[in-house]
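Overview (structure and organization)
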Amino acid sequence: MLLIDVEKGMPEGEKIRFAEEADEEADKLPGDLEFQIRTTASDRFERRGDDLYHKMNISLVEALVGVDRTVKQLDGRQVKVLKDTVTIPHEILNLPKEGMPLFGRSGFGKMIVEFWVEFPPILSDEQKKTVMSLFSSNQPNLKGDAERKDETESSGEEERDL
C-alpha cells in the first residue's frame, strides 16, 4: 500500500512519482507509478494559478451604496468582502492572501472578486421619476435622448460626441 501525500496548493497537472513501485515480474525491474493531480471544480471559485477567482452577483442598490458580504473559502473560513464606494459592473477587487496556498513556498495567492451588477428588468414610471430626482442634481445629462434632441434643435445647437 502506498500513501500519497498531496500537498496544499499543488497545481493542476503536478505529478507524484513512486520509483520502482509498479507490479513486479520475474527477471524484470518494477516500473514507476506516477499520479497526476486533477483538481475538482468548485461552484464558487475558479483557480487561476495561485489565485482564486470568484464571481459575485450584487444588487443595483449594493453597487450604488456599497457591498458588505462574506464568502465561504475552500477551507471553510468566512472571508469578508467589503467595498464602501460605487461599484461598476465587472469591477475587480483583489483580496491579498486569500487565494491558494503557494506550492513549495510560504504564503497564499489572492482572491479575485468580480462584481456582476444585477439590474432590475423594468422600472415603473414612478420608479423612473424617483431615480431621476435622486440623480438629476448631480448629473444634468440624465434626460432622455429625445428630450436632449428637442433642446438642441430648439436652441439651434448641434449635438456632437465629445
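A short tour of the structure in this document, coming up. (Residues numbered from 1 in each chain as written. Predicted model: local features only at pLDDT ≥ 70, side-chain atom pairs only at ≥ 80, totals over all residues. Heavy atoms only, no water.)

Digging into unusual backbone geometry
Here is the rule we go by: Every helix listed is a DSSP run of H or I at least four residues long, and every strand listed is a run of E at least two residues long, numbered separately from the N terminus.
The phi torsion at aspartate 27 lies on the positive side, around 65°, for a residue other than glycine. Within the fold, aspartate 27 resides in the loop between strand E1 (15–18) and strand E2 (33–36). If you check the backbone angles, histidine 90 has positive phi at about 70° while not being a glycine.

Considering the packing of aromatic side chains
Cut-off, in case you're wondering: Ring geometry is summarised as follows: Phe, Tyr and Trp rings, the Trp one being its six-membered ring, pair when their centres sit within 6.5 Å, and such pairs are stacked at plane angles under 30 degrees, edge-to-face over 60 and tilted between the two. Think of it in three bands: with a 1.4 Å probe and only protein chains considered, a residue is buried below 20% of the maximum accessible area for its type, exposed above 50%, and partly exposed in between. Two conditions define a charge sitting above a ring: the NZ of Lys or the CZ of Arg must be within 6 Å of the ring centre, and it must be within 35 degrees of the ring normal.
Scanning all chains against the criterion turns up one aromatic pair. On the basis of an interplanar angle of 85° and a centroid distance of 6.0 Å, the ring pair of phenylalanine 18 and phenylalanine 35 is categorised as edge-to-face. Here phenylalanine 18 is found in strand E1, whereas its partner phenylalanine 35 is found in strand E2, with 17 residues between them in sequence. A residue is classified by how much of its surface remains accessible, and phenylalanine 18, at 17% relative accessible area, is buried. Residue phenylalanine 35 is classed as partly exposed on the basis of its relative accessible area of 32%. Lying over the aromatic face of tyrosine 53, arginine 48 brings its terminal NZ or CZ to 3.9 Å of the ring centre. The lysine or arginine in question, lysine 55, covers the ring of tryptophan 116, its NZ or CZ lying 4.1 Å from the ring centre.

Observations concerning the layout of surface pockets
Rolled over the atoms, a probe sized like a water molecule indicates the empty space that remains. Note the threshold: For cavity detection a 1 Å grid was placed over the protein atoms alone, and a set of points counts as a cavity when a 1.4 Å probe fits there but cannot get out; an open set counts as a pocket when protein lies on both sides within 12 Å along at least five of seven lines, with lining residues being those that have an atom within 4 Å of a point. Grid points are joined across faces, edges and corners, and a volume is the space filled by probe spheres set on the points. Throughout, the ten residues Ala, Val, Leu, Ile, Met, Phe, Trp, Tyr, Cys and Pro are labelled nonpolar, Asp, Glu, Lys and Arg are labelled charged, and all others, Gly among them, are labelled polar.
Approximately 500 Å³ is the volume found for the largest pocket. Lining the largest pocket are 22 residues; nearest its centre among them are Arg47, Leu52, Leu74, Met100 and Pro101. Looking at the lining of the largest pocket, its residues break down into ten nonpolar, six polar and six charged. Estimated volume of the second largest pocket: approximately 420 Å³.

Quick look at the pairing of E1
Taken residue by residue, a regular strand's side chains alternate between the two faces of the sheet. Short version of the rule: Here, strands pair whenever DSSP counts at least two bridges between them.
In E1, alternate side chains face the same way, and those of Ile16 and Phe18 are buried while those of Lys15 and Arg17 on the opposite face are not. Across four bridges, the pairing between E1 and E2 is antiparallel. From the neighbouring strand, arginine 17 faces E2, where its bridge partner is glutamate 34.

So, a negative patch on the surface
Stated precisely, the cut-off is as follows: Like charges within 9 Å and nonpolar side chains (Val, Leu, Ile, Met, Phe, Trp, Tyr) within 5 Å are joined into patches, using only residues over 30% in relative accessible area that form no salt bridge. To be clear on the numbers: accessible area is Shrake-Rupley with a 1.4 Å probe, and residue cover counts the displayed protein chains and nothing else. Definition used for salt bridges: Asp or Glu carboxyl oxygen within 4 Å of a side-chain nitrogen of Lys or Arg. The sign given to each residue is positive for Lys and Arg and negative for Asp and Glu; His and the chain ends receive no count. Taken as the charge location is NZ of Lys, CZ of Arg, CG of Asp or CD of Glu.
Where like charges cluster on the molecular surface, the negative patch consists of Glu20, Glu21, Asp23, Glu24 and Asp32. Mapped onto the secondary structure, glutamate 21 falls in the loop between E1 and E2.

Things to note about the pairing of strand E6 (residues 78–83)
Along E6, the buried face is formed by Val79, Val81 and Lys83; none of Gln78, Lys80 and Leu82, which line the opposite face, is buried. The pairing of strand E5 (residues 67–72) with E6 spans six bridges and is classified as antiparallel. Across the sheet, residue arginine 69 finds its bridge partner in E6, namely valine 81. Where E5 folds back onto E6 in an antiparallel hairpin, the turn is made up of five residues, including glycine 76, whose phi is positive at roughly 95°.

Digging into the side chain of aspartate 51
The following threshold applies: N or O atoms closer than or at 3.5 Å make up a polar contact, with two conditions inside protein: a donor-capable atom paired with an acceptor-capable one, and, for residues adjacent in sequence, both atoms drawn from side chains. Here a residue-residue contact requires only that any non-hydrogen atoms of the pair lie within 4.5 Å.
On the secondary structure map, aspartate 51 appears in strand E4 (residues 51–59). For aspartate 51, a relative accessible area of 17% puts it in the buried group. Among the polar contacts listed, one links the side chain of aspartate 51 to the backbone nitrogen of lysine 110, at a separation of 2.8 Å. Every residue in contact with aspartate 51, bar those within four places of it in the chain, is listed here: Glu46, Gly109, Lys110 and Ile112.

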